[in-house]
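Listed below, chain by chain, are the residues.
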Amino acid sequence: MAVGRPNILLVMSDQQRWDTLGCYGCRAIITPALDGLAAGGVLFERCYVNATICTPSRACMLTGKPPPGHGVYRLHDTLPDDQVLLPAHLAGLGYQTALVGKLHVSGRMVEAERRHPHDGFERYEWCIDPQIHLDSPFNAYAAWLREHQPEFLRSLESGPQDHHPAEAHFSTWAAERAIAFLGERDPARPFFLNVSLFDPHSPYFDYPPAAGDLVDRDAIGPVRPLTAAHEPVPGGVAREREGFHRRYGRDSGGRSVADVRHGYYASVAFLDRQVGRILAELERRGLADNTVVLFVSDHGDMIGDYELITKGAYFYDPCTRVPMILRLPRAEGAGTRVADLVQPHDLAATLLRAAGMPSADVAALMPESQDLAALARGDIAAAAGTARDYALTMYRNSGYGNAGYWDPPIYGTMFHDGRYKLNLYHNSDARRAPEGELYDMHADPAETTNLWNSPEHAARRAHLTDRLHATLVATEVTHVAGRGGTSWPPAKT
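Reference entry: report on the structure contained in this document. Please read these numbers as outputs of a predicted model, since none were measured by experiment.

## Focus on the overall build of the chain
Each helix and strand in the chain was counted, giving 18 helices and twelve strands. Computed over C-alpha atoms, the radius of gyration of the chain comes to 22 Å, within 12% of the 23 Å expected from 2.2 N^0.38 for 493 residues, which places it in the range of a compact globule. Dimensions of the chain, computed from the C-alpha atoms along their principal axes, are close to 75 × 60 × 45 Å. Pairs at least 24 residues apart make up 74% of the contacts formed inside the chain by residues separated by at least 6 positions. Surface summary for the chain: the accessible area is close to 19300 Å², and the carbon and sulfur share equals 52%.

## Examining helix H18 (residues 458–479)
Between its first and last C-alpha atoms H18 spans 32 Å; for 22 residues at 1.5 Å apiece the expected length is 32 Å, and the two agree. Buried within H18 are the following residues: Leu-464, Thr-465, Leu-468, Thr-471, Leu-472, Thr-475 and His-479. Along the axis of H18, the buried residues cluster in a sector spanning 130°; they form a single face. Along H18, the residues that are exposed and aim more than 90 degrees away from the buried face are Ala-459, Asp-466 and Val-477. On its buried face, H18 sits against helix H3 (67–70), strand E9 (391–396), strand E10 (411–416), strand E11 (420–425) and strand E12 (435–440).

## Remarks on the sheet that holds E10
Judged by pairing direction, the sheet is antiparallel, and its four strands sit side by side in the order E9-E10-E11-E12 without closing on themselves. Every other strand in the sheet has two partners, leaving E9 and E12 as the edge strands with one partner each. Put simply, the sheet's adjacent strands are angled 10° from each other on average, direction ignored. The pairing of E10 with E11 spans five bridges and is antiparallel. Paired with Phe-415 across the bridge in E11 is Leu-422.

## Re the nonpolar core
Inside soluble globular proteins, nonpolar side chains tend to come together where they are buried. Core analysis: the biggest nonpolar cluster contains 66 residues, and Leu-9, Tyr-141, Trp-173, Leu-193, Val-195, Tyr-265 and Leu-282 have the highest contact counts within it. Per-element tally for this core: the top contributor is helix H12 (residues 257–284), with 13 residues. Of all hydrophobic cores here, the second largest spans 46 residues; its members include Leu-79, Val-105, Leu-294 and Val-296.

## What to know about the packing of aromatic side chains
Tallying each qualifying case throughout the model produces 15 aromatic pairs. Aromatic side chains Tyr-141 and Phe-170 sit 5.5 Å apart centroid to centroid with 55° between the ring planes, which places their arrangement in the tilted category. Highlighted residues: Tyr-141 in helix H6 (residues 140–148) and Phe-170 in helix H8 (residues 170–184), separated in sequence by 29 residues. Its relative accessible area of 0% is what places Tyr-141 among the buried residues. Members of the aromatic cluster, joined through ring pairs, are Tyr-141, Trp-144, Phe-170, Trp-173 and Phe-198. In this structure, Arg-115 packs its charged tip against the face of Tyr-124, placed 3.9 Å from the ring centre. Positioned above the aromatic ring of Trp-452 is the side chain of Arg-461, whose terminal nitrogen or guanidinium carbon lies 3.7 Å from the ring centre.

## Points about unusual backbone geometry
For the bond from Asp-199 to Pro-200, the omega torsion is -5°, close enough to zero to count as cis. Looking at where Pro-200 falls in the secondary structure, it is placed in the loop between strand E5 (191–196) and helix H9 (209–212). Of note, the amide linkage connecting Ser-202 to Pro-203 takes the cis form, showing an omega dihedral of 25°. Mapped onto the fold, Pro-203 is located in the loop between E5 and H9. Its identity as a non-glycine residue notwithstanding, Tyr-204 has a phi of 80°, on the positive side. Tracing the chain through its elements places Tyr-204 in the loop between E5 and H9. The phi dihedral of Ile-303 falls on the positive side, at around 35°, and the residue is not glycine. Assignment of secondary structure puts Ile-303 in the loop between strand E6 (291–297) and helix H13 (317–320).

## Comments concerning the environment of Leu-214
Position of Leu-214 relative to the elements: it lies in the loop between H9 and helix H10 (217–220). Given a relative accessible area of 35%, Leu-214 falls into the partly exposed group. Considered as a pair, Leu-214 and Ala-266 are 52 residues apart in the sequence and their alpha carbons are 6.5 Å apart. In this structure, Leu-214 is in contact with Ala-28, Ile-29, Ala-269 and Arg-273, ignoring residues within four places of it in sequence.

## A few points about the pattern of salt bridges
Two side chains carrying opposite charge are able to pair once their charged atoms lie near each other. The final tally for this structure, using the stated rule, is 28 salt bridges. The salt bridge involving Arg-115 is made with Asp-119; its shortest N-O contact spans 2.8 Å. Given the relative accessible area of 29%, Arg-115 is considered partly exposed. In the salt-bridge network here, residues are joined through shared partners; they are Asp-14, Arg-58, Lys-102 and Asp-298.

## Quick notes on the packing of H6 against helix H7 (residues 150–158)
Interaxial distance between H6 and H7 falls to 6 Å at its minimum, and their mutual angle equals 130°. When the axis of H6 is compared with that of H7, the two are oblique. When H6 is examined against H7, the residues Tyr-141, Ala-142, Leu-145, Arg-146, Glu-147 and His-148 are found in contact with a partner set consisting of Pro-150, Phe-152, Leu-153 and Leu-156. Among the residues forming the contact of H6 with H7, the class breakdown is seven nonpolar, one polar and two charged.

## Things to note about the pairing of strand E1 (residues 7–13)
By the criterion of burial, E1 is predominantly enclosed, with seven of the seven residues buried. The alternating pattern of E1 places Asn-7, Leu-9, Val-11 and Ser-13 on one face and Ile-8, Leu-10 and Met-12 on the opposite face, and all of these are buried. As judged from the seven bridges shared by E1 and E6, these two strands associate in the parallel manner. Note on E6: the bridge partner recorded for Leu-10 is Leu-294.

Parameters at a glance
- Residues numbered from 1 in each chain as written.
- Predicted model: local features only at pLDDT ≥ 70, side-chain atom pairs only at ≥ 80, totals over all residues.
- Heavy atoms only, no water.
- Helix = DSSP H or I, 4+ residues; strand = E, 2+ residues; numbered from the N terminus.
- Rg over C-alpha atoms; globule rule 2.2 N^0.38 Å.
- Contact = heavy atoms within 4.5 Å.
- Areas by Shrake-Rupley, 256 points an atom, 1.4 Å probe, with all protein chains shown as cover.
- Expected span 1.5 Å × (residues − 1).
- Buried < 20%, exposed > 50% of the residue type's maximum accessible area, 1.4 Å probe, protein only.
- Arc of directions from axis to C-beta.
- Pairing = 2+ DSSP bridges.
- Axes fitted to C-alpha atoms, helices over the stretch in contact; angles between N-to-C directions.
- Core = buried A, V, L, I, M, F, W, Y, C linked by side-chain atoms within 4.5 Å.
- Phe/Tyr/Trp six-rings, centres within 6.5 Å; stacked < 30°, edge-to-face > 60°.
- Lys NZ or Arg CZ within 6 Å of the ring centre and 35° of its normal.
- Salt bridge = Lys/Arg side-chain N within 4 Å of Asp/Glu carboxyl O.
- Parallel < 35°, antiparallel > 145°, perpendicular 65-115°, else oblique.
- Nonpolar A, V, L, I, M, F, W, Y, C, P; charged D, E, K, R; others polar.

Take it as geometry only, folks, not as evidence of what the structure does.
Structure below.
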């Protein structure tokens, strides 16, 4: 093992859009821990997820592959047993590996019953959601509550609860267990610690009451409105919007969108405090200077923008754009802001290269995952070979909550070339005209005007559609073609 090989701390939030941290311009809450991480590290301004649903997105992050590479497309899909996760590769390099919190590279019913054979975690403290699967033998959060907060565990077992006490909160548990690991780790080995939080995931109201006081409601601002300029609205988006109106319409009898937005930001404020505790422990133990720290989320949340909620069959920035912050050992590149397009599956190659895996080996394992270290260090010449000139995001007829999977199905793909964003919906009936959206993200970063039918942008739309299709074919050829074997050419006799 190479001397000085860095430790790695990977912190994941759940369903956190990019504009919810002070370092990304948020003024509704104060996020000192993650703002400090950005000040001492590198902030990626345009990180777009590989998929808009938890399971495929997390499978992308931890395999370093887009969905065709690992086979997970929907919320309840199961990651095939032949797939190998990032921590397994790191374990092969001599790392001590630990999970605290969510994994969710397969559907929750599968993960509650069995571990993936190649998850690679030596220490496995799993919990997919603070309010479900409390009887799973893998639920370490429930076990912790049973020992430390038994009354609160009994309340969770009776049904969902609002305003979880700070001392019993999932994010508190995750911070406590991460801190414990740092004290109990094997000092003879570098470590990989994946802390995967549930905040600020819906249902939005499990934040501790005091966290609500950390939010300036007026600074949240109004929802982004849906206007006639968004026409033509693709059918898939319209169907998602119907669900929003059922839940938050005037006659829904439920909480308001303003309440949802307040709860969402309160959850972010609380998670920032808990991440701060982990980062402080790194400093206290003298580990910070030789630890790679990466913070990222699996996708965002519309929280009412354009009359949409959570995540789904749409590709607006509040859903597809997430925070990504990387701090390298000895604060290389500190204070850098990177405007290049990056995607969460790039974290796998970045961390494996930091751990000392040769670049050729990384490329063989995950050919579409890019090492972001050169961008992070500001090494323009080295980054020229790895920087991507597009981001691709997929949605393949998944669902959320009680909706199940769409019937008829909804399939869509986003292609972002750095300026224009094309959202193409793939009709199962080839006789129908394609549906989609086109936004000029330089002139219209708030995505207020759909240029899909603009005569002036017809050539741009056609060009981006061609690039999208070519990229999908290239991805399929890279990951799928030949998977079944071949009998040609015939063997020589």
